[in-house]
Each structure stands twice: as structure tokens, then as C-alpha cells.
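Next come the chains, spelled out residue by residue.
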Amino acid sequence: MLFTIGLTALALASAAFAQTVVVVGSAPTSGGGIFQYAPNNFKATNGTVITFRFSGAPGNHTVTQSTFSDPCNPRPGGFDSGWVFIPASPPLSATPEWNLTITDDSKPIWFYCKQILPSFHCSSGMIGAINAPATGDNTFAAFQANAKAFKGTPNQGEGGLVGIGASASAPVGPVPSGAHLYTAAPLPISSTLSISSGKAASTVTAPPMTSLASTPATSAPAKGSGASALSTSSLVAFMAVAVGFVLA
Ligand SMILES: *[C@@H]1O[C@H](CO)[C@@H](O)[C@H](O)[C@H]1NC(C)=O
Ligand SMILES: *[C@@H]1O[C@H](CO)[C@@H](O)[C@H](O)[C@H]1NC(C)=O
Ligand SMILES: *[C@@H]1O[C@H](CO)[C@@H](O)[C@H](O)[C@H]1NC(C)=O
Ligand SMILES: [Cu+2]
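Thresholds applied
- Residues numbered from 1 in each chain as written.
- Chains lettered and ligands numbered in written order.
- Predicted model: local features only at pLDDT ≥ 70, side-chain atom pairs only at ≥ 80, totals over all residues.
- Heavy atoms only, no water.
- Near = heavy atom within 4 Å.
- Polar contact = N/O pair within 3.5 Å; in protein donor to acceptor, adjacent residues only side chain to side chain.
- Areas by Shrake-Rupley, 256 points an atom, 1.4 Å probe, with all protein chains shown as cover.
- Nonpolar A, V, L, I, M, F, W, Y, C, P; charged D, E, K, R; others polar.
- Pairing = 2+ DSSP bridges.
- Helix = DSSP H or I, 4+ residues; strand = E, 2+ residues; numbered from the N terminus.
- Donors = N, O, S within 2.8 Å, 3.2 Å for Na, K, Ca; no water.
- Tetrahedral: all angles 85-135°; square planar, octahedral: opposite > 155°, others 65-115°.
- Buried < 20%, exposed > 50% of the residue type's maximum accessible area, 1.4 Å probe, protein only.
- Phe/Tyr/Trp six-rings, centres within 6.5 Å; stacked < 30°, edge-to-face > 60°.
- Lys NZ or Arg CZ within 6 Å of the ring centre and 35° of its normal.
- pLDDT = per-residue confidence, 0-100.
- Contact = heavy atoms within 4.5 Å.
- Disulfide = S-S within 2.5 Å.

Draft legend 1. Layout of the site of ligand 1. Ligand 1 sits among Asn 46, Thr 103, Asp 104 and Asp 105. At 3.3 Å, a backbone N or O of Thr 103 approaches an oxygen atom of ligand 1. Take Asp 105: an N or O atom from its side chain is 2.8 Å from a nitrogen atom of ligand 1. Its free accessible area being 370 Å², ligand 1 has 36% of it covered by the protein chains. Taken together, the residues that form the shell around ligand 1 break down as no nonpolar, two polar and two charged.

Draft legend 2. Structural context of the sheet that holds strand S10 (residues 127-130). If you trace the four strands from one edge of the open sheet to the other, you get S3-S10-S9-S6, paired in mixed fashion. Sheet topology places strand S3 (41-42) and strand S6 (64-66) at the edges, where each strand pairs with a single neighbour.

Draft legend 3. Quick peek at the coordination of the copper ion (ligand 4). For the copper ion (ligand 4), the full set of protein donor atoms is His 61 (ND1), Cys 113 (SG), His 121 (ND1) and Met 126 (SD), at a range of 2.0 to 2.6 Å. Of note is the copper ion (ligand 4), whose four donor atoms meet at the metal with angles of 89 to 129° in an arrangement that counts as tetrahedral. Look at where the donors of the copper ion (ligand 4) fall in the sequence and you get H-x51-C-x7-H-x4-M. Here Cys 113, found in the loop between strand S9 (109-112) and S10, pairs with Met 126, found in the loop between S9 and S10; they are 13 residues apart in sequence, far enough to count as distant. We classify Cys 113 as buried; its relative accessible area is 0%. Classification of Met 126 by relative accessible area gives buried; the value is 0%.

Draft legend 4. Spatial organisation of the sheet that holds strand S1 (residues 19-24). The five strands are arranged S2-S1-S4-S8-S11 in an open sheet whose pairing can be described as mixed. In this open sheet, the two edge strands, each paired with only one partner strand, are strand S2 (37-38) and strand S11 (166-167).

Draft legend 5. Up close: the packing of aromatic side chains. For the coordinates displayed, the defined rule picks out eight aromatic pairs. Joined through ring pairs, the aromatic side chains of Tyr 37, Phe 52, Phe 79, Trp 98 and Phe 111 make up one cluster. When the ring centre of Trp 83 is taken as origin, the NZ or CZ atom of Lys 114, which lies over that ring, is 4.2 Å away.

Draft legend 6. Fine view of the confidence of the model for the chain. In the predicted model, the chain carries a mean pLDDT of 76, and the fraction of residues at 70 or more is 66%. For the stretch residues 190-248, pLDDT sits under 50, and the model shows 82 contacts to residues farther than four places along the chain or on other chains.

Draft legend 7. Inspection of the state of the cysteines at higher detail. Following the criterion strictly, the structure yields one disulfide and no others. Linked covalently through their sulfurs, Cys 72 and Cys 122 form a disulfide whose S-S length is 2.0 Å. What sets the handedness of the Cys 72 and Cys 122 disulfide is the S-S torsion sign, and at about -75° it is left-handed. Of this pair, Cys 72 sits in the loop between S6 and strand S7 (83-86) while Cys 122 sits in the loop between S9 and S10, and the two are 50 residues apart along the sequence. Cys 122 shares its class with Cys 72; the two are buried.

Draft legend 8. Quick look at the pairing of S10. Both faces of S10 are covered, namely the face carrying Ile 127 and Ala 129 and the face carrying Gly 128 and Ile 130. As paired strands, S3 and S10 are joined by two bridges and run parallel to one another. Note that in S10 the partner of Asn 41 across the bridge is Ala 129. With four bridges joining them, S9 and S10 adopt antiparallel strand pairing. Of the residues in S10, the one forming a bridge with Tyr 112 is Ile 127.

Quick look at the structure:
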């Protein structure tokens, strides 16, 4: 009995500490230019924390959840890191990171970079897959082909910390001097999880959106951030949901 409890505790502890690091932006050793995640196709079980390290310099990238069939648009209810700007120089005092915890390893999780400047990162190949099937129709290679064939402009609306099959409990951090975290207007509300669209206002440096509440899915790219317009109470409500989610 005690032995079983001990084993269970050990299993929980090891699950809680499983970690995978993904480099966002140029990775000197992996080739392929600056529009990439490394690794970009990997497995991760429930509880695994994926630490996205925004070390590519210069860089201005996101980690945004999409779907297999629509690889370069945000998935309603999906996770989104927001844009993280890293200057070419000087080197930052710390590397901004984003921790995404896998909550459902039974389905593939597809993500991409929604940055459209100076060109569309997604159709340049800045995509990634977690738990993609190795064979069949929905492989990573097929997802990559979908992304490269993508026509149109990636929607610039903002997802949340809580995604589908994976969630973060905190925004990107730290954001040292020289780096910036940008967020945009939330995606149209499509589920109750969408209230998680807010991000910490303190790290937002982009000019405020002129129309926060009414950015339709098909609108022109949102440039700035509406996060500062979010009320404290909605941010607190969101944090409570996020914390509850992680504890659940
Ligand atoms: C991971 O969690 C999801 C959601 O609760 C569940 O459906 C799935 O079976 C879990 N995976 C494993 C290997 O237990
Ligand atoms: C991400 O997780 C690591 C390891 O637990 C932790 O040291 C770091 O502070 C976390 N970063 C953020 C931004 O949550
Ligand atoms: C980073 O990207 C965002 C979104 O495209 C943009 O609003 C911001 O101006 C960019 N920051 C820099 C310093 O280029
Ligand atoms: Cu990018």
C-alpha cells in the first residue's frame, strides 16, 4: 500500500519534471535559416513541459496553435505566446521563455509562427507538431506541405494561454531590456476558454489597438496590442481560470 503510494508519487513527480526545450528562431547548429523551431516535430506525454526559448536573434516570433488543415491561422480556443521581439544585438541579459504543458497527448498539436513581417514565417516553414502521427495522411511532412501551400494572410488575432491539448500558466518571461512582448486583439470569442486571451499588460509596448472589441477574423493584421485595455478583473478572472486549470 505504502509502496504503491510511493510509486504513484514518483510517477507524478517524474511526469511533472519532464521537459522538452524548443529553440524559437535561428539555431546555429540546426541550419534552415531563422524561420524555424528546433526541434519542430516531436512527441510529448501528458504533463510534459515544452519550454520554448526565444533565442533567435534577431527574431520576432510567436508560438501559435493552428490545425492540420489550416496551418497558418490561429485555432479558435488555441494557445498563443504573442510576439516576442529579440534584437540582433546587443545580447539580452536573459532569454525569454514560454512553458507550455501538454494536457492531451492523444491528439496531434499543431503550431506555427503567425509573424507576417518581413514575410510570412508560416509559409516559410516556421511550423511545428507535437505528437503528429508518423504515418498516414496527417504527418508532419503533410502539415509542412499545407503550410508552404498556404494562400492568404495569416490571421493576426490573439489566442490564449490555455489551448487545446496544451496550456501555459504564465506569459512569456522574462522580458529583459531590449526585448518586447506584443499581443494583439483577442480572436473572436468562440468558446468559454477564449477569456484566456489576455496577457500581462506590463510587458506590452506596442501602441494600443484602435478597436479592441471588434477585430473580425478576416480583418487586416492587427499591429498593436489591446491588452492594456483589458480590465484588471478580467485578467484576475483569467489567472484564476489558468491556475485552476493547472491544479486540476
Ligand atoms: C492524456 O490526457 C488526456 C486528456 O485527459 C487523455 O485523454 C489521454 O488518454 C491521456 N493520455 C494518456 C497516455 O494517459
Ligand atoms: C519555465 O519553467 C522553468 C522550469 O520550471 C522555470 O525555471 C521558468 O521560470 C519558467 N518560465 C516561465 C516564463 O514560466
Ligand atoms: C514585432 O511584431 C509585431 C507584430 O507584427 C509588430 O507589431 C512589432 O512592431 C514588431 N516589433 C519590432 C521591434 O519589429
Ligand atoms: Cu517567426
